[in-house]
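Structural features, examined
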Amino acid sequence: MKIVVTVKQVPDPNSTQALESDNTLARDKEVVLDPGDECGIEEGLQLKEAHGGEVVLVSMGPERARDAIRKGLSMGADRGILITDEKLAGADALLTGRALAAAIKAESPDLVICATESYDGSTGMVPPILAELLGLPQLTFAKKVEVNGTNLKVNRQTADGYMVVEAAMPALITVTAAIAEPRYASLKGIMAARSKEVKQVSLQDLGVDGGGPAETIESVASAETRKAGSIIEDDGNAVDQIVKVLADAKVI
Amino acid sequence: MAKVCVYAELSEGKLNSAVTEIMAKARELGDVSVVALGTGAKEAGATLGKHGAKVAYVKEDKVFDDYLAEPATDVMHALQQQDAYDLILFSFTSDSRDIAGRLAARLGTGLISNASDISAEGGSFVAKVPYFGGAKLASMKANGKPAIVLVRPKSFEASETGGSADVKDAPGSVGDGSKRAHILERVTEASEKVKLEDARVVISGGRGMGGPDNFPLLEDLASALGGAVGASRAVVDAGWVPYSMQVGQTGKSVRPGVYIAVGISGAMQHTVGMKTSKVIIAINKDAEAPIMKIADLGVVGDALKIVPALTAAVKAKKGKS
């Protein structure tokens, strides 16, 4: 089976984040492969190991997003496609979806794997947009995936448990961090990744029109912050103080 | 008046509480129609009439209970063709997210996700979206029509206005082509006595709890206080507790009377889901942890000692009264 995994380079979740003057995310910070995407790649690799086929990584971003693809290739993915274009700077979810859909359509995969949402944007809107544009059913928030011939079955996370959802492939799934523990790239994998193909394409190559932005950021303000209250060291009396706060709040 | 449509998410026949919250804002922004699909749709329509919906489009068909996203997208798309709404609101919850994304792509319009507020400004809509886990608030203007906005749960307080909705049959038909992602079974894992989102008191644990074996300490405190137990993303990702307990940006949003954060550093990912709690108590070994900066009472100490002692003290006090 042919599997496409979408991947994104994001500011390192462990570093301080900042905005550029035009209110897009500052990407000159340390950047990494989105940790959620690592789980998606891992799931793709496990499915390939069980059923055979190929894992293709598709990313959209500036040239250096090639590093994120390279990381996935060193985990064991077969090849990558990088969509890079000046017109994509600050692209919204719809344009991102259009660009990714065009690149993925050309691959005609059996399965598309996305993370439920990116670490930096957290809007979670690209996967359903992508599913619609590709004309695929979407099985979202998957924490377990089973493939049997062309039948796909997932355990989909819900607020109080999960539901079992089934569809015929081709299909798109989004996966949570619970899906699989990502493997570390071996030295051999890192060496092998150097010779794997990463094809770079532009919007023109894909036949996608940039268009105007669907949303505009008008302003960015610091959110209201709560004031700190009192901080005490526990010298044995902390419990009494907590009980007092609970009583004042009328919960006991 | 602007024409506003609210998608009324139902789960196993029950209206998602995020929908009545959204109604409190939607009715300020224009004339509101709601769309309720599947088992329980008529009852939900009647409920939402009391929350200010003028029209309730309903369809009680099992197809909406049994298949993800696509059947509902078909109806929402047909309704937009019929009524040409200026604004369509969804809650930022799993099922609604799936539908909103597909609808936006089908209409070729953009959408604003994860909003915490929305206002009408000069004929268009501007949504406030928390960034960086809530440290920044961006004002985003929707340039297309309809504007599609997904609203974070607990952004508004639900209140009844006492009206009633004109209940109509929802337009559109669902073809076999949309019956693809088939729900075979629903499994309940959480044996929550008190629902996390509705609890008066929430006690959440993080890495500072040391391991999953210590979470029963929080359960004991929660049962003494009649509250519910939550968790940080770090411990959910580590597999200590199920996702259903996660509070934060990618988990649940809560707004209890008292929130007790135990061994949670307070990364913005977490605080965006709990910082509107009325009172916040933090117990942490690190006096410099970010959670201390938003806590009404910060206790620096060993959670594994303090929590059981607190449980005993609460029980003793309750026993007296």
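Residues numbered from 1 in each chain as written. Chains lettered and ligands numbered in written order. Predicted model: local features only at pLDDT ≥ 70, side-chain atom pairs only at ≥ 80, totals over all residues. Heavy atoms only, no water.

**Some details on the overall build of chain B**
Note the threshold: What counts as a helix is a DSSP run of H or I of at least four residues, what counts as a strand is a run of E of at least two, and both are numbered from the N terminus. Taken over C-alpha atoms, the radius of gyration is set against a globule rule of 2.2 Å times the number of residues to the power 0.38. Note on classification: 1.4 Å probe, protein chains only; a residue is buried when its accessible area is under 20% of the maximum for its type, exposed when over 50%, partly exposed between these limits. Any two residues whose heavy atoms approach within 4.5 Å at even a single point are treated as in contact.
What chain B contains, in helices and strands, is nine helices and 18 strands. Taken over the C-alpha trace, chain B has a radius of gyration of 21 Å; the compact-globule value for 321 residues is 20 Å, and the two agree within 12%. Its C-alpha atoms put chain B at 60 × 45 × 40 Å along the principal axes. When burial is assessed residue by residue, chain B has 59% of its 321 residues classed as buried. Restricting the contact set of chain B to residue pairs at least 6 apart, pairs at least 24 apart contribute 64%.

**Here we look at the interface of chain A and chain B**
Heads up, the condition is: The term buried area refers to how much accessible surface (probe radius 1.4 Å) is lost by two components on association, counted for both of them together. Here a salt bridge means any side-chain nitrogen of Lys or Arg lying within 4 Å of a carboxyl oxygen belonging to Asp or Glu. Counted as a polar contact is a pair of N or O atoms within 3.5 Å, where, for protein atoms, one must be capable of donating a hydrogen and the other of accepting one, and residues adjacent in sequence contribute only when both atoms are in side chains.
In this assembly, 73 residues from chain A lie in contact with 85 residues from chain B. Overall, the association of chain A and chain B removes approximately 6600 Å² of surface from exposure, summing both partners, and the carbon and sulfur fraction of that is 58%. On inspection of chain A and its partner chain B, the count reaches six salt bridges. Note that A:E132 and B:R106 form a salt bridge whose closest N and O atoms lie 2.7 Å from each other. At the junction of chain A and chain B, the tally comes to 35 residue pairs in polar contact (both at pLDDT 80 or more). Looking at the side of chain A that touches chain B, the elements that each hand over two or more residues are α3 (93-105), α4 (126-134), β7 (138-148), β8 (151-158), β9 (161-168), β12 (215-222), β13 (230-233) and α7 (238-248) of chain A.

**Some remarks on the sheet that holds strand β11 (residues 198-201) of chain A**
Just so we agree on the cut-off: At least two bridges found by DSSP between two strands is the condition for calling them paired. Under this scheme, a helix contributes an axis fitted over its contacting stretch, all axes are lines through C-alpha atoms, and angles between N-to-C directions fall in the 0 to 180 degree range.
Strand order across the open sheet formed by ten strands is β11(A)-β5(A)-β4(A)-β1(A)-β6(A)-β10(A)-β7(A)-β8(A)-β9(A)-β13(B), with mixed pairing between neighbours. Edge strands, defined here as strands with exactly one partner in the open sheet, are β11 of chain A together with β13 (182-188) of chain B. Ignoring strand direction, the axes of neighbouring strands in this sheet form an average angle of 30°. Across five bridges, the pairing between strand β4 (residues 54-60) of chain A and strand β5 (residues 79-83) of chain A is parallel. Along β5(A), the bridge assignment pairs A:V58 with A:I81. Here helix α2 (residues 66-75) of chain A sits on the sheet and contacts β1 (2-7), β4, β5 and β11 of chain A; the angle it forms with β5(A), its principal contact strand, is near 165°. Taken strand by strand, helix α5 (residues 94-107) of chain B contacts β7 and β8 of chain A, and its axis lies near 95° from that of β7(A).

**Topic: the packing of aromatic side chains**
Within a pair of aromatic rings, the relevant descriptors are the distance that separates the centres and the angle that separates the planes. Residues and elements named next belong to chain B. Heads up, the rule is: Aromatic rings from Phe, Tyr and Trp, taking only the six-membered ring of Trp, are treated as a pair when their centres fall within 6.5 Å; an angle between ring planes under 30 degrees marks them as stacked, one over 60 as edge-to-face, and anything in between as tilted. For a Lys NZ or an Arg CZ to count as sitting over a ring, it must be within 6 Å of the ring centre and within 35 degrees of the ring normal.
This structure, assessed with the given rule, holds two aromatic pairs over all chains. Summarising the aromatic geometry, the rings of Y7 and F90 are spaced 5.5 Å apart at their centres and angled 35° between planes, so their arrangement reads as tilted. Here F90 lies in strand β6 (residues 87-91) and Y7 lies in strand β1 (residues 2-8), a separation of 83 residues in the sequence. By the burial criterion, Y7 is buried, and F90 matches it. Sitting over the face of the ring of W240, R207 holds its NZ or CZ atom 6.0 Å from the ring centroid.

**Some words on the packing of helix α1 (residues 35-51) of chain A against α2(A)**
Relative placement of two packed helices is described by the angle separating their axes and the distance separating the axes. Residue and element names in this part refer to chain A. Applied cut-off: For any pair of crossing helices, the crossing counts as left-handed if the nearer helix is rotated counterclockwise from the farther one by less than a right angle, and right-handed if it is rotated clockwise. Asp, Glu, Lys and Arg are counted as charged, while Ala, Val, Leu, Ile, Met, Phe, Trp, Tyr, Cys and Pro are counted as nonpolar; the rest, among them Gly, fall into the polar class.
The contact between α1 and α2 brings their axes to 10 Å, and the two run at 35°. Handedness of the crossing formed by α1 with α2: right-handed. In this structure, α1 contributes E38, I41, E42 and L45 to the contact, and α2 contributes K71, G72 and M75. A class-by-class count of the residues in the contact of α1 with α2 yields three nonpolar, one polar and three charged.

**A short note on the domain arrangement of chain B**
Residues and elements named next belong to chain B. Using the following cut-off: The domain limits used here are those given by an automatic or database domain assignment.
Its domain assignment divides chain B into domain 1 (2-178) and domain 2 (196-320). The distance between the C-alpha centroids of domain 1 and domain 2 comes to 32 Å. Taken residue by residue, the interface counts twelve residues in domain 1 and 13 residues in domain 2. In this assembly, domain 1 packs against domain 2 so that about 900 Å² is buried in total across both faces, 41% of it on carbon and sulfur atoms. At the boundary of domain 1 and domain 2, one finds zero salt bridges. Along the contact surface separating domain 1 from domain 2 lie three residue pairs in polar contact (both at pLDDT 80 or more). By residue class, the composition of the side of domain 1 that touches domain 2 is five nonpolar, four polar and three charged.

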